[in-house]
Every structure is written in C-alpha cells, then in structure tokens.
Amino acid sequence: PIMTGAQEEPKTFFTLSLKAPLGNEVRMQVGALLAEELPKIGIGVELEYHDFPTLIELTSYAGETGATAAEGGVDIYLMGMCSGGDPIKWTNYFVSSAFEPHGSNIWRFSNGEVDALFAEANQMSDMEERKPLYWRIFEIVKENYFTIELYDSRGYMLKQDYVLNAEKFTKPVGYDTYYAYE
C-alpha cells in the first residue's frame, strides 16, 4: 500500500464511482474485487450495482455529455461486449454512424479513420485480407478510447457424436470449432 508515514493508513489520491450490473454474478464479483484492491494503490472506490437498463442509460448519458458520476453519468463501469468471431461485428460499437439509437456506440466514439477502415473491411469477404485493417482499427481504438479489458470469458458448446452430417469448417478468429449441419 502507498503509505504517507510508517504507521499511517494508505493514502487515497482520488475516489471513483464504479458501476456494475446487478444480477451478473461475474461482474458483481469483479466489482467487489476492484473495490477491495484499488484502494491498496491509492484509488478509492464507491461500488454501485444497477439493473442493466439503468446502467445503459447512465453510460449513454455519460457518453453523450461527458458527465461524471457526480453529474449523473459514470466514472468507471463494468460491461461486457458481444461480437462473435468476426471483428466486423465491432462496427456497431465503434463507427460514428452507430450512435444510439441507431447502434450500440453508447460511448460516442468517433474517428474518421476507423469509420473508413470498417467501411473498407465491409467490402471484403476474405478474413485474411481484412485482418490488417482490423489490427489498425484496434490500434486506433486502443490509443484513442480509454478501456481496460479485465477478462475474456469463453463459451463452449458440446457436439454430440451421433449428430448426422456434421462437417467441420474453417473457424474465424476467437473460436475453437464450428460445425455445419444439414
């Protein structure tokens, strides 16, 4: 812990309001863990749980106005993003035309180069051909949009060996196996 003297309590440099979705056990546990651990490095945490619609409303308002938690928005929050195996699905989160209510860009991230790269990738069907565009998009987002990925949850499906006509086909990035069924 950061100490200001030999026997003093840890010093808090600032305090953030951390919002997490109520009922999502993993995110509630991560929120509790962050509230316990961040004070050890001088960051105070006020943990709040909200139902998912309220959390979306708060993050949308913050994205639209820049409002902090004290102003009715958010400081930091825990949320998951689902995109599937093809990065083109991230378009809905990061292109300028996907601001609410027309998409899921609740943070109002806007970058002309990202918009152009997604538009170009949308015209290509070959994943290997699109890959350099996606890597550039990820670099831009990483440099210009503050987000910290804390964990990556994986989902698995079981394949019954008695399913007829199951045929393995090429997997996209991020997936272990796909099967086509007739």
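Before reading on, note that the structure itself is shown above.
An account of the accompanying structure is given in this report. On a predicted model such as this, the values are computed, not experimentally measured, just so you know.

## A closer look at the overall build of the protein
Part 1 of the reasoning: Check the secondary structure of the protein and you find five helices and five strands.
Part 2 of the reasoning: Helices and strands in the protein line up, N terminus first, as β-α-β-α-β-α-α-α-β-β.
Part 3 of the reasoning: Taking contacts inside the protein between residues at least 6 apart in sequence as the whole, the part at least 24 apart equals 50%.
Part 4 of the reasoning: In the form shown here, the protein has an accessible surface area of approximately 12,300 Å², with 53% of it arising from carbon and sulfur atoms.

## Re the pairing of strand E1 (residues 14–21)
Working note: regular strand, side chains alternate between the two faces of the sheet.
Part 1 of the reasoning: Bridge count between E1 and strand E2 (residues 43–50): eight bridges; the pairing is parallel. Its bridge partner lying in E2, Pro 21 is registered against His 50.
Part 2 of the reasoning: As a crossover connection, the stretch from E1 through helix H1 (residues 25–37) into E2 is right-handed.
Part 3 of the reasoning: Two elements, E1 and strand E3 (residues 76–77), share two bridges in a ladder whose sense is parallel. Looking across to E3, one finds that Leu 18 is bridged to Ile 76.

## Digging into helix H4 (residues 112–122)
Part 1 of the reasoning: Every buried residue of H4 is listed here: Val 114, Leu 117, Phe 118 and Ala 121. Along H4, the residues classed as buried sweep out an arc of 100 degrees about the axis, all on the same side.
Part 2 of the reasoning: Packed against the buried residues of H4 are helix H3 (91–94) and helix H5 (127–144).

## Some thoughts on the packing of aromatic side chains
Part 1 of the reasoning: Applying the stated rule across the entire model yields three aromatic pairs.
Part 2 of the reasoning: Ring plane angle 90 degrees and centroid distance 5.6 Å describe the contact between Phe 94 and Phe 109, whose orientation is recorded as edge-to-face. With a gap of 15 residues between them, Phe 94 in helix H3 and Phe 109 in the loop between H3 and H4 connect regions that are remote in the sequence. For the pair formed by Phe 94 and Phe 109, the shared burial category is buried.
Part 3 of the reasoning: Taking the centre distance of 6.1 Å and the plane angle of 85 degrees together, the rings of Trp 135 and Phe 138 count as edge-to-face.

What counts as what
- Position numbers for residues count from 1 along each chain, tracking the sequence in the order it is written.
- Since the coordinates come from a predicted model, pLDDT governs what is reported: local features require at least 70, and pairs of side-chain atoms require 80 or more to be given and counted, while whole-chain, interface and lining totals use all residues.
- By convention in this description, side-chain values take in all heavy atoms of the structure and omit both hydrogens and water.
- Numbering of helices and strands runs from the N terminus; a helix is a DSSP stretch of H or I covering at least four residues, while a strand is a stretch of E covering at least two.
- Contacts are residue-level and defined by heavy atoms, with any inter-residue pair within 4.5 Å sufficient.
- Computed with a 1.4 Å probe, the accessible areas rest on the Shrake-Rupley method; for each residue, only the protein chains presented here act as cover.
- When DSSP finds two or more bridges between a pair of strands, those strands are recorded as paired.
- Seen with the strands pointing away from the viewer, any crossover whose path from the first strand over the helix to the second strand runs clockwise is right-handed.
- Only protein chains enter the accessibility calculation, which uses a 1.4 Å probe. A residue is then buried if its area is under 20% of the maximum for its type, exposed if over 50%, and partly exposed in between.
- Our arc is simply the arc of the directions from the helix axis toward the C-beta atoms.
- Planes of paired rings set the category: under 30 degrees apart is stacked, over 60 is edge-to-face and the rest tilted, where pairs are Phe, Tyr or Trp rings (Trp by its six-membered ring) whose centres lie within 6.5 Å.

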